[in-house]
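Survey of secondary and tertiary structure
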Amino acid sequence: MERRIAVIARYHYQHGYFVEVSHEDSVIANRDYWLCRKNSPRKLYMFSSPYQNDQEEEHLILNRLSESIQKFENPSPSVKYA
């Protein structure tokens, strides 16, 4: 069975970081948020959430961004990468 996952948005941040927002074509309407860094093959899973509006989405990302950057730069064995 093939999954259809599409990147539907990218939020750019400083120092080459950006958050990629993906959505799987399924009955679950959640979006997945992944922290990425330019020229890095790694993607760090941040969280999943249903979409409400652009302002709320940006708020959710900013609330988790500092902690996610710390995990990206100092990974532990429990960190999920794609």
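If you're wondering where the values come from, they're calculated on a predicted model, not measured in any experiment. (Residues numbered from 1 in each chain as written. Predicted model: local features only at pLDDT ≥ 70, side-chain atom pairs only at ≥ 80, totals over all residues. Heavy atoms only, no water.)

1. Brief notes about the pattern of salt bridges
According to the stated counting rule, one finds 5 salt bridges in the structure shown. Across the pair Arg-37 and Glu-73 runs a salt bridge whose closest N-O atoms are separated by 2.8 Å. In this pair, Arg-37 is assigned in strand β3 (residues 30–37) and Glu-73 in helix α1 (residues 54–73), connecting sequence segments 36 residues apart. Exposure remark for Arg-37: the relative accessible area of 29% places this residue in the partly exposed category. For Lys-71, the salt bridge identified is with Glu-67, shortest N-O distance 3.3 Å. Of the two residues, Lys-71 and Glu-67 are both situated in helix α1; the distance of 4 residues between them amounts to about one turn of the helix. Beyond isolated ion pairs, a larger network of salt bridges with shared partners links Arg-10, Glu-20 and Lys-43. (Salt bridge = Lys/Arg side-chain N within 4 Å of Asp/Glu carboxyl O. Helix = DSSP H or I, 4+ residues; strand = E, 2+ residues; numbered from the N terminus. Buried < 20%, exposed > 50% of the residue type's maximum accessible area, 1.4 Å probe, protein only.)

2. Thoughts on the pairing of β3
Of the pairings in the sheet, the one linking strand β2 (residues 17–24) to β3 comprises 7 bridges and is antiparallel in character. Each residue of the ladder has a partner; that of Ser-22, found in β3, is Asp-32. Here β3 runs beside strand β4 (residues 43–50); their pairing, made up of 7 bridges, is antiparallel. Within the sheet, the bridge partner assigned to Asn-30 lies in β4 and is Pro-50. Hairpin connection from β3 to β4: 5 residues lie between these consecutive antiparallel strands, with Asn-39 at a positive phi of about 65°. (Pairing = 2+ DSSP bridges.)

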